[in-house]
Amino acid sequence: MEMREVYSNRVAKIGYEDGKLTVQWAKPGKNGAISVWTGVPEQLANEVMNAPSIGSALKLSIEGVYPHSYG
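Keep in mind the model is a prediction, meaning the values are calculated, not measured. (Residues numbered from 1 in each chain as written. Predicted model: local features only at pLDDT ≥ 70, side-chain atom pairs only at ≥ 80, totals over all residues. Heavy atoms only, no water.)

Buried within helix α2 (residues 54-61) are the following residues: Ile54, Gly55, Ala57 and Leu58. Seen end-on, α2 carries its buried residues on one side only, within an arc spanning 165°. Opposite the packed face of α2, turned more than 90 degrees from it, sit the exposed residues Lys59 and Leu60. The inward-facing, buried residues of α2 abut β2 (11-17), β3 (20-25), β4 (34-38) and α1 (42-49). (Buried < 20%, exposed > 50% of the residue type's maximum accessible area, 1.4 Å probe, protein only. Helix = DSSP H or I, 4+ residues; strand = E, 2+ residues; numbered from the N terminus. Arc of directions from axis to C-beta. Contact = heavy atoms within 4.5 Å.)

The following block contains the structure:
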């Protein structure tokens, strides 16, 4: 999966492939950790990846909604 760098205080890189939304964190305390959410619809993933605030979009639409694991 190709991860693209983003301008965010919370997220360093983000990518999507086959229902998996993957985030490399930039936030202190999670620096460099990778989170993966499964079952994310492509349209929603695109909305999150292109949101003005990716961190806020993740918190509102993804975190706690879709199954999560650390990659």
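Another point: the side chain of Ser35. With respect to the helices and strands, Ser35 occurs in strand β4. Within polar-contact distance, the side chain of Ser35 engages the side chain of Trp25 at 2.7 Å. The residues touching Ser35, leaving out its near neighbours within four places in the chain, are Leu21, Thr22, Val23, Trp25, His68, Ser69 and Tyr70. (Polar contact = N/O pair within 3.5 Å; in protein donor to acceptor, adjacent residues only side chain to side chain.)

Bear in mind that shape data such as this cannot, by itself, settle questions of function.
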